[in-house]
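Now for the letters of each chain:
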Amino acid sequence: MQKTRYLNFEGITISSNDYGEFDKIYNILSESEGVIPCILKRIKKNNNKNYDSIDIFQKMEFKASVRENFWTIYEAKNKHSWFDRPINLAKLSSSNIIAELCIKFNSINENNTYIYHLVNICLSLISKNNILFSLIYFQIKILISEGIFPEINNCLSCKTKLTPDDYYLIFEIGGLSCSKCLTDNTKIKLLESEIRLIKYISKIELSYNESAQKTIENVNINLYKKISQYIKYHTTQEIKSEKIFFTSLN
Amino acid sequence: MNSSNKASISSVITELVGHLSQLPGIGPKTAERLAFHIIKTPESKITSLSQSLMKAKQQLTFCKNCFIVTENDPCSICSNEFRDHKTLCIVHNSIDAYAIENTNTYSGSYHILNGSISPINGIGPNELTISQLLMRINNNLPNEIIIATNPTIEGDATSTYIINQIKNDEVKITRLAIGIPIGGDLDYTDNKTLTQAFNSRQPIR
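About the cut-offs
Residues numbered from 1 in each chain as written. Chains lettered and ligands numbered in written order. Predicted model: local features only at pLDDT ≥ 70, side-chain atom pairs only at ≥ 80, totals over all residues. Heavy atoms only, no water. Buried < 20%, exposed > 50% of the residue type's maximum accessible area, 1.4 Å probe, protein only. Helix = DSSP H or I, 4+ residues; strand = E, 2+ residues; numbered from the N terminus. Pairing = 2+ DSSP bridges. Phe/Tyr/Trp six-rings, centres within 6.5 Å; stacked < 30°, edge-to-face > 60°. Lys NZ or Arg CZ within 6 Å of the ring centre and 35° of its normal.

K.L.:
Before we go on, may I ask you to explain the pairing of strand β3 (residues 34-40) of chain A in this structure?
P.N.:
Sheet faces and side chains relate simply in a regular strand, where the side chains alternate between the two faces. Residue and element names in this part refer to chain A. In terms of burial, β3 is a largely internal element, six of the seven residues being buried. Where strand β2 (residues 23-30) lies against β3, seven bridges are found, and the strand directions are antiparallel. In the strand pairing of β3, Ser30 is matched with Gly34. Linkage of β2 to β3, two consecutive antiparallel strands, is achieved through a turn of three residues.

Printed below as a string of structure tokens:
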């Protein structure tokens, strides 16, 4: 039987589910351990002095015990909240999309400093109403970090430089194809402006408090949907929050 | 003891444990304890428990007006002429309405949303009874709407969505206060709750 370990760590609460009468299970994104499902006992009783008020999308200092991969939080102190109350549906659903992508891509108990800081930046952007830019930034950065970012400079088949009206993203090969080399594979047409934006975002690295005013004007929901289709092809999983996010934009 | 050993003891117990562990908040260990408790309990008590379960399933329904769990449609709250039907309290679930009823401080009517908006679980406004609520408000304009959703991000998003959908400016909309619980200590209250308590302080004279 494994020994109980005691850990102090900083993490972001990204989703929660009720567990039993008084307990909840939170998925906590941490820098050192990736996404960890943790149980918070008696959290629904609001007079528990070991916990600050906990909700999703809060950065907190946690004290946890770990035994046989079973994490129990026994103390939680608030460090930062991104969202002022009341939050609107667009901010909630877009943050949920980021949470879902984190859970899909980030393995449990795996050090992932990059994703942790990326989520920090993206939640900060969402809180400042840069919602679409934040989502597209997150999509592109997570594709890069997972090694499935598509080749976007030349046609992957004939290696020729691509011209406007010639941009087809082929899901199977993970890159662009010119119209001459097109096959029956799953594909979507990308606009030149979209390619330029993808290239730009792939190169920039935002810091925590940096705004992204210059790029916001160019982002649109269609680019988000196209990249999302590409991610879905590679993960074969639906993002549940997307439907509600699209509703919130109407 | 692993699952294959349990199956060899009794497939009936395994089946019972399996069914019980599907209930919310019941894990495999609790399910086992409940199963062995049921086995030890006299048959008459188990018969009445199973009859109550069947009766609840067969006889309880949702009130078509407020969506509370009830035996009769409309429910005893909607059909009670002594209650104030010009005050409407919006809650997530029937159990929240029962909690408020237990306080004996509220005599208006309710609207049960049947959950809260939770995009990550695929629950949006269309999965709740929000359209029925808006229809109800339009048909019988209340004097006051009390939003009693949970003070969580999802509860807040639900209330914000509802408030944005209520176009009529004449109706007064209030929200339950958020702050320090009775019996709580100020020095142990976290900054967020304390700030909220300060912002929603009430004049006392």
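Next comes the rest of the description.
K.L.:
Can you help me understand the packing of aromatic side chains in this one?
P.N.:
Geometrically, a pair of aromatic rings is defined through the distance of the ring centres and the angle of the planes. Residues and elements named next belong to chain A. Inspection of every chain in the model, using the stated rule, returns eleven aromatic pairs over all chains. Taken together, a centroid distance of 5.7 Å and an interplanar angle of 85° make the contact between Phe9 and Trp71 edge-to-face. One end of the pair, Phe9, is in strand β1 (residues 5-19); the other, Trp71, is in strand β5 (residues 70-81), and 62 residues separate them in sequence. Both residues of the pair, Phe9 and Trp71, count as buried. Taking 5.6 Å as the distance between ring centres and 75° as the angle between the ring planes, the aromatic pair formed by Phe171 and Tyr230 counts as edge-to-face. Of this pair, Phe171 sits in the loop between β6 (168-170) and β7 (175-177) while Tyr230 sits in helix α6 (residues 221-235), and the two are 59 residues apart along the sequence. With a relative accessible area of 3%, Phe171 lands in the buried category. Classification of Tyr230 by relative accessible area gives buried; the value is 2%. Here Lys189 stacks its cationic end above the ring of Tyr168, 5.1 Å away from the centre of that ring. When the ring centre of Phe246 is taken as reference, the NZ or CZ atom of Lys225 above it lies at 4.8 Å.

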